[in-house]
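# A look at the structure
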Amino acid sequence: MPGAQDLDPGDSIEQYLGNAVREARLALGREWTQAYLASKVFSSGTRISEIERGEEPPDRDLAKKLEVVLQLPPDSLVNLVKILSQQSVRDYAKT
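To keep things clear, this report deals only with the structure shown in the data block. (Residues numbered from 1 in each chain as written. Predicted model: local features only at pLDDT ≥ 70, side-chain atom pairs only at ≥ 80, totals over all residues. Heavy atoms only, no water.)

### A closer look at the environment of G18
Here is the rule: Think of it this way: any DSSP run of H or I at least four residues long counts as a helix, any run of E at least two long counts as a strand, and we number them from the N terminus. Burial classes: relative accessible area under 20% of the type maximum marks a residue as buried, over 50% as exposed, and values in between as partly exposed (1.4 Å probe, protein chains only). Every residue pair with non-hydrogen atoms within 4.5 Å of one another is taken to be in contact.
By the element assignment, G18 lies in helix α1 (residues 13-27). Looking at G18, the relative accessible area reads 0%, which means it is buried. Once the C-alpha coordinates of G18 and S49 are considered, the two residues, 31 residues apart in sequence, prove to be 8.7 Å apart. Residues within four places of G18 in sequence aside, it is in contact with I51 and E52.

Right, here's the structure in full:
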């Protein structure tokens, strides 16, 4: 399994969020596969993979579940999802 990637300051919020999820999952132990995490948050392994790769961020509900299951600080992921949604609204308003 590839190791966790170092973050570049130019990385996107999606990549930062995905790295946070991956790091927290791996810190919990070897049995914490993407599929195992997915079962704990009522999602799919594919969805967790997309999040960890920074391709598709979770919605607020899934972010909250991930925080609880991965023992992350409250609102650490939810706040990132909020920033992303505000960014999306601004981008949409520009068109």
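Back to the write-up after that little detour.
### Quick word on the nonpolar core
What counts, and what does not: Buried Ala, Val, Leu, Ile, Met, Phe, Trp, Tyr and Cys residues that are joined via side-chain atoms within 4.5 Å together make up what is termed a nonpolar core.
Core analysis: the biggest nonpolar cluster contains 18 residues, and L17, V21, L37, V41, L66 and L70 have the highest contact counts within it. When near neighbours in sequence (up to four residues on either side) are disregarded, L66 contacts V21, L37, V41, I48, I51, P58, Q71, L72 and L77.

### Looking at the side chain of N19
Relative to the elements of secondary structure, N19 occurs in helix α1. Overall, N19 belongs to the buried group, its relative accessible area being 9%.

### Concerning the pattern of salt bridges
This is how it is decided: Take a side-chain nitrogen of Lys or Arg and a carboxyl oxygen of Asp or Glu: if they are within 4 Å of each other, that pair is a salt bridge.
All told, the structure shown has 6 salt bridges when counted by the stated rule. The partner of E55 in a salt bridge is R53, with the nearest N and O atoms 2.7 Å apart. With a relative accessible area of 47%, R53 lands in the partly exposed category. Between D61 and K65 there is a salt bridge; the shortest N-O distance is 3.4 Å. Of this pair, D61 and K65 are both found in helix α4 (residues 60-69), 4 residues apart, which corresponds to roughly one turn of the helix.

### Comments concerning the packing of aromatic side chains
How we decide: Only the six-membered ring of Trp is used, alongside the rings of Phe and Tyr, when aromatic pairs are assigned; centres must lie within 6.5 Å, and planes under 30 degrees apart are stacked while those over 60 apart are edge-to-face, with the rest tilted.
Counted under the stated rule, the structure contains 1 aromatic pair. With 4.9 Å between their ring centres and 90° between their planes, W32 and Y36 make a pair best called edge-to-face.

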